[in-house]
Amino acid sequence: MRVKDPGAIRRARLRAGYTQYDLAALARCTQAAISALETGAMRGCSQDLGSTIAKYLDRDVEDLFEAHVGSRAHRVTNAAGSVRQVAV
């Protein structure tokens, strides 16, 4: 998922009363990842992380993030024929 407006994440976090560390702990990521999303240094994240952040900030995921073409998971088979999902 791509961040629509990095400042919107920061404003929503402050409005919710969380520090970057608090939100990172809730979202199970690092404080550095939250900081990078808020400053625009990290322009995207996984759908799981985006959804979790939006949930704890009490915002719709579409308010903060947008899906982008490269966020689809493609099917990959190994030589034995088993299938797993791989994000690209």
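On a predicted model such as this, the values are computed, not experimentally measured, just so you know. (Residues numbered from 1 in each chain as written. Predicted model: local features only at pLDDT ≥ 70, side-chain atom pairs only at ≥ 80, totals over all residues. Heavy atoms only, no water.)

A. Structural view of the overall build of the chain. The helix and strand tally for the chain stands at five helices and four strands. Element order for the chain, N to C, with α for helix and β for strand: β-α-α-α-α-α-β-β-β. Within the chain, the fraction of its 88 residues that count as buried is 26%. As presented, the chain carries roughly 5,800 Å² of accessible surface, and 49% of it is formed by carbon and sulfur atoms. (Helix = DSSP H or I, 4+ residues; strand = E, 2+ residues; numbered from the N terminus. Buried < 20%, exposed > 50% of the residue type's maximum accessible area, 1.4 Å probe, protein only. Areas by Shrake-Rupley, 256 points an atom, 1.4 Å probe, with all protein chains shown as cover.)

B. Region of interest: the pattern of salt bridges. The full count for this structure, using the stated rule, is three salt bridges. R13 serves as the salt-bridge partner of E38, at 2.5 Å between the closest nitrogen and oxygen. Of this pair, E38 sits in helix 3 (residues 31-39) while R13 sits in helix 1 (residues 6-16), and the two are 25 residues apart along the sequence. With relative accessibility at 6%, the residue R13 sits in the buried group. For the salt bridge of R59 with D63, the shortest nitrogen-to-oxygen distance reads 3.7 Å. Residue classification places D63 among the partly exposed positions, given a relative accessible area of 39%. (Salt bridge = Lys/Arg side-chain N within 4 Å of Asp/Glu carboxyl O.)

C. Structural context of helix 4 (residues 47-56). Within helix 4, burial applies to L49, G50, I53 and A54. The arc enclosing the buried residues of helix 4, seen along the axis, measures out at 130°, which places them on a common side. Projecting away from the buried face of helix 4 at angles above 90 degrees are the exposed residues Q47, D48 and K55. Of the surrounding elements, those touching the buried residues of helix 4 are helix 2 (20-27), helix 3, helix 5 (61-64) and strand 2 (65-66). Positive backbone phi, at 55°, marks D58, one or two positions downstream of helix 4. (Arc of directions from axis to C-beta. Contact = heavy atoms within 4.5 Å.)

D. A look at unusual backbone geometry. Located in the positive-phi region is R28, a residue other than glycine, with phi close to 60°. Its place among the elements puts R28 in the loop between helix 2 and helix 3. In this structure, D58 takes a positive phi of about 55° despite not being glycine. Examined against the element boundaries, D58 turns out to sit in the loop between helix 4 and helix 5. Given the relative accessible area of 70%, D58 is considered exposed.

All we've got here are geometric facts, nothing functional implied.
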